[in-house]
Amino acid sequence: MKLIESKTLGTAQASIEFTSIPQDGTDLVVFCSLRTNVNAIAATLSFNTGGTYTRRRLQGDGSSVISDTASVDLVVNASTGTTTNTFSNTQIYIPNYTGSTAKSYSSDSVTENNSTEAYQTLIAGRWSETAAITSLKITVANTLDAGSIISLYKITKGSDGIVTTSP
Amino acid sequence: MPTPTYTPLATVTLASSASSVTLSNIPASYRDLILIHNGALTNTDNIVWRANGDTGSNYSIVQALATSGGASSNSSASRTSGLAGSSYTQQSANITQWLDYSATDKHKTSLGRANSPTSEVGMSASRWANTAAINSLTLLGAFASGNTFSLYGVIA
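Residues numbered from 1 in each chain as written. Chains lettered and ligands numbered in written order. Predicted model: local features only at pLDDT ≥ 70, side-chain atom pairs only at ≥ 80, totals over all residues.

Visitor: Please explain the overall build of chain A as it appears in this structure.
Guide: A tally of regular secondary structure across chain A gives zero helices and 13 strands. What you see in chain A, going N to C, is helices and strands ordered as β-β-β-β-β-β-β-β-β-β-β-β-β. In terms of overall size, chain A behaves like a compact globule, its C-alpha atoms giving a radius of gyration of 17 Å where 167 residues would be expected to give roughly 15 Å. Projected onto its principal axes, the C-alpha coordinates of chain A cover approximately 50 × 35 × 35 Å. Restricting the contact set of chain A to residue pairs at least 6 apart, pairs at least 24 apart contribute 81%. (Helix = DSSP H or I, 4+ residues; strand = E, 2+ residues; numbered from the N terminus. Rg over C-alpha atoms; globule rule 2.2 N^0.38 Å. Contact = placed C-beta atoms within 7 Å.)

Set out below in structure tokens:
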């Protein structure tokens, strides 16, 4: 796994975007540490331009659990209702990002809060486009706080020449 | 210098549909194994794994999942396989990690993330009640042509 780029916000921004993603990897992994300035925990992931997104979500909030077809991909710590100086944690895995089929991805996300209510969200996502992913953006309803971090890594498949496979 | 991680060990891209994929001669020189499955199935059966060709009732699982029927959790023991993703006939991304797979003093466990957009998302833990080091893994499922399997080693 190799770091492509890491971004730490020095000032608040509505989104963080990676462009010109190199095409020499197999999978992408995104790690996020995020906090937003409004009382809205939702954030979305998008690739390139266009296409449609479909998702299945499993989410717990400390007291209940839901299953739905969500319109969001991850949760972020909000300015109200979460402990000061805490940030959310997210890992997003995108296999075969240069492939010629629709892109599926996995997102695991939690908010941090010294209270009963905190969110844990699992997303199974799909982007309908068959183009290779060349850009990736995380967007929130208002702005991400300074100190939010997103790091993008690539993983390259291969063989060690020892493990054999069948078929 | 950073510790190397996600060392590529093997990759399989199916040229035609298959009901199983086996990865053999897995070296014991890593701490964890990670398998990434990407693709669609030809039916809605779970993807499951077996270690070292063991077909006995030596596996147990617990999982939490979300489907159109709601959120649920279940467990089962004395199974003949562990879970490696619950997939559907749509493009899916399934991730399974085997922890300390080469130890010879503990049963082997895996953590799984199943991702079938719109249909199912889940997390699972599986246990193989055997202290042997894992040297081969067999994935079972109704895999369609074009499915990919990538195995990586993670150094402690």
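The structure having been displayed, the exposition proceeds.
Visitor: What is the right way to look at the pairing of strand β11 (residues 136–144) of chain A in this model?
Guide: On any regular strand, side chains alternate: one points to one face of the sheet, the next to the other face. Residues and elements named next belong to chain A. Of the pairings in the sheet, the one linking strand β2 (residues 13–18) to β11 comprises five bridges and is antiparallel in character. Bridging from a neighbouring strand, Ile16 pairs with Ile138 of β11. Bridging between strand β4 (residues 42–47) and β11 involves five bridges; their strand directions are antiparallel. Counterpart to Thr44 in the pairing with β11 is Thr139. (Pairing = 2+ DSSP bridges.)

Visitor: How should the interface of chain A and chain B be read in this particular structure?
Guide: Accessible area lost upon the coming together of the parts is a frequently used measure of interface size. Each side of the interface is counted separately: chain A has 37 residues, and chain B has 40 residues. If you list the elements that add at least two residues to the side of chain A that touches chain B, you get β5 (53–60), β6 (65–68), β9 (103–110), β10 (120–127) and β13 (164–166) of chain A. Along the lines of polarity and charge, the residues of the side of chain A that touches chain B split into 15 nonpolar, 15 polar and seven charged. Here β13 of chain A runs beside strand β2 (residues 18–24) of chain B; their pairing, made up of three bridges, is antiparallel. Within β2 of chain B, the residue paired with Thr165 of chain A across the bridge is Leu23 of chain B. (Nonpolar A, V, L, I, M, F, W, Y, C, P; charged D, E, K, R; others polar.)

Visitor: For this particular structure, what's the right way to read the confidence of the model for chain A?
Guide: Residues shown with low pLDDT carry predicted positions that ought not to be read at fine detail. Of the residues in chain A, 100% reach a pLDDT of 70 or more, and the chain-wide mean stands at 93. Per-element averaging of pLDDT across chain A places strand β7 (residues 74–75) of chain A at the bottom with 92 and strand β12 (residues 149–155) of chain A at the top with 97. (pLDDT = per-residue confidence, 0-100.)

Visitor: Explain unusual backbone geometry to me, please; I cannot follow it from the model alone.
Guide: Glycine aside, the phi torsion of most residues is negative, and most peptide linkages are trans. The step from Ser166 of chain A to Pro167 of chain A runs through a cis peptide bond, and the omega angle for that step is 0 degrees. Within the secondary structure, Pro167 of chain A is located in the segment after β13. With phi around 50 degrees, Ser20 of chain A is a residue other than glycine that occupies positive phi space. Overall, Ser20 of chain A belongs to the exposed group, with 9 C-beta atoms counted inside 10 Å. Within the chain, Asp100 of chain B stands out as a residue other than glycine whose phi angle is a positive 50 degrees. Residue position: Asp100 of chain B is located in the loop between β8 (92–99) and β9 (108–116). (Buried ≥ 20, exposed ≤ 12 C-beta atoms within 10 Å, placed from the backbone.)

Visitor: What exactly am I supposed to notice about the sheet that holds strand β8 (residues 88–94) of chain A here?
Guide: Pairing between the strands of a sheet comes from backbone hydrogen bonds, and it takes one of two forms, parallel or antiparallel. Residue and element names in this part refer to chain A. The strand order across the open sheet built from eight strands is β1-β12-β3-β8-β9-β10-β5-β6, with neighbouring strands paired in antiparallel fashion. Each edge of the open sheet carries a strand with a single partner, namely β1 (2–8) and β6. Sheet twist, expressed as the mean angle between neighbouring strand axes with direction ignored, is 15 degrees. Bridge count for β5 against β10 is eight bridges, and the pairing is antiparallel. From the neighbouring strand, Arg57 faces β10, where its bridge partner is Ile123. (Axes fitted to C-alpha atoms, helices over the stretch in contact; angles between N-to-C directions.)

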